[in-house]
Amino acid sequence: MKYGFIGCGNMGGAVARALRKRCGDMMLSDRSGKARALAAELGAVYASNGEIAEDCERIFLAVKPHMMQAVLAPLQEVLAEKKPLLITMAAGLTMARIEEFAGCSLPVIRMMPNTPTAIGKGVVQYCRNALVTDRVLTQWLADMGGCGLLDELEEGLIDAASALSGCGPAYGYILIEALADGAVACGIPRAKALEYAAATLAGAAEMVLTTGQHPGALKDAVCSPGGSTIAGVHALEQHGFRAAAMDCVIAAYEKNRRLGK
């Protein structure tokens with residue numbers, strides 16, 4: 001088969017759902033049982049790690065960083081023989097470490113997706129080692145086209161990018177919930193408040209991407225002199241909103257760096 005997934009948690013499952021739209025046969029495995037349910041959902045094959053290593057040309061490694069060595073060690077012999085493309089999404093682990101755990105030199109792509117990948121709205125940074133040919137990369141990118149934004153980045157910046165886009169959906173969900181809470185406090189029904197908050201942030205993000213304008217300029221366009229918006233912006237600044245947003249990305253980045261040690 002073309003693709004196999006070792007690990008089908010939230011991130012692995014998101015990528016598998018997006019990839020399934022563009023590719024055929026797929027094999028899934030994990031130790032929690034999620035892979036069995038996901039295989040039934042996607043019409044894929046539920047298998048063992050060993051079967052995936054034997055049968056798949058390209059293998060997604062969607063396991064936690066601290067589990068990677070234990071997952072790859074029993075597969076070293078077959079990996080050395082077949083040299084499949086390994087696609088890792090483990091935070092902090094370099095491509096060189098993946099080869100070390102695999103016990104051989106083989107093609108590796110390192111990618112950092114986020115959960116909106118499942119609905120085709122993801123952000124996926126990636127890099128490759130020297131054994132991944134241009135042809136293989138082009139094919140992989142075509143298969144991954146339904147995931148969202150795919151952007152090549154040097155490996156030294158992958159952990160920093162992951163702290164923003166990989167972790168970022170969680171930050172966005174907290175902001176959506178908080179804005180909705182504020183609207184509920186002002187009398188808006190909960191369901192409407194959540195819908196309004198989510199749609200508002202989605203529209204604001206699309207404005208940045210579509211117009212190419214700096215977010216500061218777009219913010220200024222909403223803030224009428226002496227108006228309600230600037231009063232709300234002032235409240236955010238009083239509570240250190242910008243510093244908190246910066247600090248959450250920096251904290252996630254430092255954690256990513258520790259995971260790779």
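Residues numbered from 1 in each chain as written. Predicted model: local features only at pLDDT ≥ 70, side-chain atom pairs only at ≥ 80, totals over all residues. Heavy atoms only, no water.

(A) Representation of the side chain of N129. Summarising the element assignment, N129 is placed in the loop between strand 7 (122-128) and helix 7 (134-143). At 3.0 Å, the side chain of N129 and the backbone oxygen of L106 are in polar contact. Not counting chain neighbours up to four residues away, the residues in contact with N129 comprise M95, E99, L106, P107 and V108. (Helix = DSSP H or I, 4+ residues; strand = E, 2+ residues; numbered from the N terminus. Polar contact = N/O pair within 3.5 Å; in protein donor to acceptor, adjacent residues only side chain to side chain. Contact = heavy atoms within 4.5 Å.)

(B) Structural context of the packing of aromatic side chains. Inspection of every chain in the model, using the stated rule, returns three aromatic pairs. When the centroid spacing of 5.7 Å and the interplanar angle of 40° are considered together, the rings of Y3 and F60 count as tilted. Linking Y3 in strand 1 (residues 3-6) with F60 in strand 4 (residues 58-61), this pair joins segments that are 57 residues apart in sequence. F60 matches Y3 in its accessibility class, with the two residues each being buried. (Phe/Tyr/Trp six-rings, centres within 6.5 Å; stacked < 30°, edge-to-face > 60°. Buried < 20%, exposed > 50% of the residue type's maximum accessible area, 1.4 Å probe, protein only.)

(C) Expanded view of the environment of T117. Position of T117 relative to the elements: it lies in the loop between strand 6 (108-112) and strand 7. Distance in space between the C-alpha atoms of T117 and G148 is 6.2 Å, their sequence separation being 31 residues. Sequence-distant contacts of T117, defined by excluding residues within four places in its chain, comprise A14, V15, A18, G122, V123, V124, G146 and C147. Polar side-chain contacts of T117 include one of 2.7 Å to the backbone oxygen of N114.

(D) Structural detail: the pattern of salt bridges. Counted by the stated rule, this structure contains 13 salt bridges. With a shortest N-O distance of 3.2 Å, E155 and R110 are connected by a salt bridge. Taken as a pair, E155 in the loop between strand 8 (148-152) and helix 8 (158-166) and R110 in strand 6 lie far apart in primary sequence, 45 residues in all. Under the relative-accessibility criterion, E155 is labelled partly exposed at 23%. With a shortest N-O distance of 2.8 Å, D220 and K219 are connected by a salt bridge. Since its relative accessible area comes to 31%, K219 is described here as partly exposed. (Salt bridge = Lys/Arg side-chain N within 4 Å of Asp/Glu carboxyl O.)

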